[in-house]
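Topology and contacts: notes
Next come the chains, spelled out residue by residue.
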Amino acid sequence: AAAAVAAAAAAAATGGESKMGGQAGKEGKEGARFNVAVLGAAGGIGQPLSLLLATSPLCARLHTYDVVPVVNGVGVDISHIDSNCVVEGFAGDFKDKEVSKQALYKALEGMDVVVIPAGVPRKPGMTRDDLFNINAGIVAELIEGVADVCPKAMVCIISNPVNSTVPIAAEVLKRKGCYDPKRLFGVSTLDIVRANKFVAEKAQMDPTKINVFCIGGHSGKTILPILSQVEPKVSLSEEDIVALTDRIQNAGTEVVDAKAGGGSATLSMAYAGFRFASSLMRAMSGEKDVIECSYVPSSITDVPFFASKVRLGPNGAEEVIPFENLSEFEKDKLEKEVKDDLRSAITKGVEFATSSL
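Residues numbered from 1 in each chain as written. Predicted model: local features only at pLDDT ≥ 70, side-chain atom pairs only at ≥ 80, totals over all residues. Heavy atoms only, no water.

Structural notes on the nonpolar core
Counting 67 residues, the largest nonpolar core has L39, V114, I116, I143, I157, I215 and L227 as the members making the most contacts within it. A per-element tally of this core places helix α5 (residues 132-149) first, with eight residues. Excluding residues within four positions of it along the chain, I215 makes contact with T222, I223, L224, I226, F306, A307, S308, F323, L326 and L334. A32, V87, V187 and A270 belong to the second largest nonpolar core, which has 43 residues in total. (Core = buried A, V, L, I, M, F, W, Y, C linked by side-chain atoms within 4.5 Å. Buried < 20%, exposed > 50% of the residue type's maximum accessible area, 1.4 Å probe, protein only. Helix = DSSP H or I, 4+ residues; strand = E, 2+ residues; numbered from the N terminus. Contact = heavy atoms within 4.5 Å.)

Next comes the structure, spelled out in structure tokens:
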């Protein structure tokens, strides 16, 4: 029953011991459990993400928040599964900012982890940057709530464009006087999940036994899968690498087009968000050597926010792990494509935050 579902979900999140997110480090504090809020829980990502989180043995309490009344029903619906997690929904009103603020602040009380998939999804023909004007303001308002109510919480941002929304969150937290770069994460895990699957398909291997890491950002050309360092080593031709890199970078568009106007990558993103949140909670419980890729404040390059491997710990990002030994193809992509696009997205986010807030 619930124990079996939780075990299956946890196994899926970690991907097994050979995976980055599932590295079998030393066990953490037995019985450690956490309070988690999902902001944007009524949406296509938020609902399945909330369901998965409720199955986690690490999640003691789950608060689902959104600005539409159905989110109360989402909370009640999920609360009926036989897992050891207390679930409660909190509904704001998209027509009434004060009502929404009150509900948000109640939802955030006592939270250890806040996961934010809120915002509008991509539609055919839209880029993540097309979402900026709407989602930037949504993320800024939600982060203000986090700063006021649970400033020590781990913040995991899924709302696109992540390359810009994470810098916006940082600026809001700085203005509120509670910015801790170790506690702010852009969830780029879906890039890893896709890379593992696509490379495994090409190599005719079990995707749970493959580990590909991605660096850079979380959109289009800023996603750089490091296919020269796949573990275990696989044989990929130059043509394979070019094709796989392109597919991984544009996989989101693949889903948007396949849904024919019906949405973007929601189920796979919910899975990836659950995997990252699970890894984070495992590390918070004291488990050692939990590593995930994430888009974080970083000094390993000359770009202030950058996705790379991160060693997670009780206080968040314990170490941002430098990368090395890139292939010439990867070096060229990094310098000519990734960094320029990232700088532009980061500047856009910072300028929005400083001029609009």
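Read on for the rest.
Things to note about the environment of K202
Within the secondary structure, K202 sits in helix α7 (residues 189-203). Residue classification places K202 among the partly exposed residues on the basis of a relative accessible area of 48%. Taking the C-alpha atoms as reference points, K202 and D240, 38 residues apart in sequence, are found 8.4 Å from one another. What K202 contacts, discounting residues up to four positions off in sequence, is L236, D240 and L244.

Some thoughts on the confidence of the model for the protein chain
For the protein chain, mean pLDDT is 91; residues scoring 70 or higher make up 90% of the total. Predicted confidence is poor over residues 12-18, with pLDDT under 50, and the contacts of this stretch with residues over four places away or in other chains come to 17 contacts. (pLDDT = per-residue confidence, 0-100.)

Section: the pattern of salt bridges
Between side chains of opposite charge, a pair can form as their charged atoms come close. A full pass over the atoms with the stated rule returns 20 salt bridges. A salt bridge links E88 to R61, with the nearest nitrogen and oxygen atoms 2.9 Å apart. With E88 in strand β3 (residues 86-91) and R61 in strand β2 (residues 59-66), the pair connects residues that are 27 residues apart, well separated along the chain. Across the pair R175 and E144 runs a salt bridge whose closest N-O atoms are separated by 2.6 Å. Here the residue R175 occupies a position in helix α6 (residues 162-175), and E144 occupies one in helix α5, the gap between them amounting to 31 residues. R175 sits in the partly exposed class, given a relative accessible area of 46%. (Salt bridge = Lys/Arg side-chain N within 4 Å of Asp/Glu carboxyl O.)

Points about the layout of surface pockets
Considering only enclosed or pocket space, the largest pocket measures out at about 1000 Å³ in volume. Of all elements in the fold, only β2, α4 (97-108), α5, α7 and α9 (251-258) reach the threshold of two or more residues within the lining of the largest pocket. Considering each element in turn, the lining of the largest pocket owes the most residues, nine residues, to α5. Here the lining of the largest pocket is composed, by residue class, of 22 nonpolar, 15 polar and 11 charged. (1 Å grid on protein atoms, 1.4 Å probe; cavity = no way out; pocket = protein on both sides within 12 Å on 5 of 7 lines; lining within 4 Å. Points joined across faces, edges and corners; volume = space filled by probe spheres on them. Nonpolar A, V, L, I, M, F, W, Y, C, P; charged D, E, K, R; others polar.)

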